Amino acid sequence: MSLPPVRAALALGAALLVAPAEAQTSQAPQVRFTPYVSGLRQVTTLTHAGDGSGRLYATLQAGQVRVIQGGQLRAQPFLDLSNLTRAGGERGLLGLAFDPNYKQNRRLYVHYTDRNGDTVLARYAATPDFSRADPQSARTLFTAEQPYPNHNGGQLAFGPDGFLYLGLGDGGSAGDPQNNGQKLGTPLGKLLRFDVSGADAKPAAGNPFLNRAGANPNIWAYGLRNPWRFSFDRVSGDLIIADVGQNEFEELNRQPRASRGGENYGWDVREGRSCFEPPSGCRTQGLTEPVLVYGRNEGQSITGGYVYRGNAVPSLKGQYVFADFGSGTVWAARPSGNSWNKVQLGRVENPSTFGEDETGELYVAEYGSGRVLKLGR
């Protein structure tokens, strides 16, 4: 089985794997990982509110949302959902996104597993002074039963179309025993897209299976094993999904901004570019190829990142930065064509998530140490 990005039992003891020499070329931008803040236990999300405040928000797996401002950690949580979740393994508070109109409507969205281990998407409203989220404002928008305690996905993000995207894994265990990745009747193993502009969440207009009988209307893309982190390029609008592998391969998938959805990324027919079920002679027709794949000699659980659009490292601009939770290796890949090449930038300890600030600068969280590091020169 693959190493899930938030498996606490393995996070501190995972042996570091050595990246091969060909991943370390002279073309690699020179990057430093500078400690930015510490004391954040088991970070699962780093994000900003887009409100001009300069704040970063970190979700902790145990259920708190914490505020970072100017490299300082606020003492009081922005939101505390600890009593609503039972964190551990791959469960807990997994995602956070702020409404594009947050300054006007004060809305924010969280993704967590409840005390039974099932998926919850909920909306909260910040107080008028934006100092915290009002716990009494909670409104549950979407739920999904989870058959196993792993592969809950995690990422929650607004796309350039203004719709809210949620990544869910295949429901867990190993090898997708329920074949959820390929079933259109379940939200598991999917990227979901919601319209949350009203009082509730509804399937976004244009969702590809909106009018197909028996299909879940929220599905935007499918054939995913565990899309722990995905992101939208703030310049091109392209979507990049990092999908955690099974036994052999980790993969990156790219969806162009112009896509109308409906892509099938292959799981559990294929893992990476290789057959999984069946182990040979599997179909390829109708499947979208990953743009990058790496094997167990380089890592064992991909942590997706962002296309860098900041100014601190000019040579990194336009490159997609990501990592592996098991090996700690951080790479950059230039999004070009259908097969990307990566170069190694360095190593950090158990990178669980990346985050962008409002200016496009990048940060990475070390799951075990509780540190957030900032990328610079």
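Model, not experiment: these values are computed from the prediction.

Right, let's talk about the overall build of the protein for a bit. What the protein contains, in helices and strands, is two helices and 28 strands. At 19 Å, the protein has a C-alpha radius of gyration in line with the 21 Å of a compact globule built from 377 residues. Taking the principal axes of its C-alpha atoms as reference, the protein extends roughly 60 × 55 × 40 Å. Pairs at least 24 residues apart make up 57% of the contacts formed inside the protein by residues separated by at least 6 positions.

Right, let's talk about the state of the cysteines for a bit. Evaluation of the coordinates by the stated rule reveals one disulfide. Each disulfide pairs two cysteine sulfurs, and for Cys275 the partner residue is Cys282, the sulfurs being separated by 2.1 Å. Measuring handedness by torsion sign, the sulfur bridge of Cys275 and Cys282 sits at about -85° and is left-handed. The exposure class of Cys275 is partly exposed, given its relative accessible area of 26%.

Inspection of every chain in the model, using the stated rule, returns 18 aromatic pairs. Between Tyr57 and Phe78, the ring centres sit 5.1 Å apart and the planes meet at 70°, which makes this aromatic pair edge-to-face. Of this pair, Tyr57 sits in strand β3 (residues 56–60) while Phe78 sits in the loop between β5 (72–73) and β6 (79–80), and the two are 21 residues apart along the sequence. Measuring from centroid to centroid gives 5.8 Å for Phe325 and Tyr367, while their planes differ by 75°, and the two rings are edge-to-face. Within this pair, whereas Phe325 is found in the loop between β23 (320–324) and β24 (329–333), its partner Tyr367 is found in the loop between β27 (362–366) and β28 (372–376), the two being separated by 42 residues in sequence. For Tyr367, a relative accessible area of 2% corresponds to the buried category. Here a set of aromatic residues connected by ring pairs shows up, and it is made of Tyr57, Phe78, Phe98, Tyr102 and Phe130. Cation over ring: Arg225 sits above Trp267, and NZ or CZ is 5.7 Å from the ring centre. In this arrangement the basic side chain of Lys342 is found over the ring face of Trp331, its NZ or CZ atom lying 5.2 Å from the centre.

Once that is clear, we can look at the pairing of strand β25 (residues 342–347). Within β25, five of the six residues are buried, which leaves the element mostly enclosed by the surrounding structure. Summarising the sheet, β24 and β25 pair through five bridges and their orientation is antiparallel. Of the residues in β25, the one forming a bridge with Ala332 is Val343.

To continue, consider the sheet that holds strand β21 (residues 292–295). Here we have four strands laid out as an open sheet, ordered β16-β17-β18-β21, and antiparallel in their pairing. At either margin of the open sheet sits one strand with a lone partner, and together these are β16 (229–232) and β21. This sheet shows a mean twist of 10° between the axes of neighbouring strands, independent of strand direction. Bridge count between β16 and strand β17 (residues 239–243): four bridges; the pairing is antiparallel.

Moving on to the UniProt feature "domain: Glucose/Sorbosone dehydrogenase" (unreviewed entry) in the protein. The UniProt feature table records "domain: Glucose/Sorbosone dehydrogenase" (unreviewed entry) at residues 47–335. Taken end to end, residues 47–335 is 1% helix and 38% strand, and its first and last C-alpha atoms sit 22 Å apart.

For the rest of this paragraph, the subject is the sheet that holds strand β10 (residues 133–144). One open sheet accounts for four strands, arranged β7-β8-β9-β10; its pairing is antiparallel. The strands lining the two open edges of the sheet, one partner per strand, are β7 (93–98) and β10. The sheet shows a mean angle of 25° between the axes of neighbouring strands, direction not considered.

Mapped onto the secondary structure, Asn116 falls in the loop between β8 (107–113) and β9 (119–126). The exposed category is assigned to Asn116, whose relative accessible area is 62%.

This part covers the confidence of the model for the protein. Looking at the protein, the pLDDT average stands at 93 and 93% of residues meet or exceed 70. Across residues 1–26, where pLDDT falls below 50, the model places 77 contacts with residues more than four positions away in sequence or in other chains.

Mapped onto the fold, Asn226 is located in the loop between β15 (219–222) and β16. For Asn226, a relative accessible area of 2% gives the class buried.

This part is about the pattern of salt bridges. The tally for this structure, following the rule as stated, stands at ten salt bridges. The residue Arg193 makes a salt bridge to Asp161 at a minimum N-O spacing of 2.8 Å. Taken together, the positions of Arg193 in strand β13 (residues 190–195) and Asp161 in the loop between β11 (156–158) and β12 (164–168) put the pair 32 residues apart, joining distant regions of the chain. Classification of Arg193 as buried rests on a relative accessible area of 5%. Taken together, the shared-partner salt bridges in this structure form one network comprising Arg270, Arg273 and Glu289.

Parameters and conventions
Residues numbered from 1 in each chain as written. Predicted model: local features only at pLDDT ≥ 70, side-chain atom pairs only at ≥ 80, totals over all residues. Heavy atoms only, no water. Helix = DSSP H or I, 4+ residues; strand = E, 2+ residues; numbered from the N terminus. Rg over C-alpha atoms; globule rule 2.2 N^0.38 Å. Contact = heavy atoms within 4.5 Å. Disulfide = S-S within 2.5 Å. Buried < 20%, exposed > 50% of the residue type's maximum accessible area, 1.4 Å probe, protein only. Phe/Tyr/Trp six-rings, centres within 6.5 Å; stacked < 30°, edge-to-face > 60°. Lys NZ or Arg CZ within 6 Å of the ring centre and 35° of its normal. Pairing = 2+ DSSP bridges. Axes fitted to C-alpha atoms, helices over the stretch in contact; angles between N-to-C directions. UniProt positions renumbered as here; feature names shortened; annotations may be inferred. pLDDT = per-residue confidence, 0-100. Salt bridge = Lys/Arg side-chain N within 4 Å of Asp/Glu carboxyl O.

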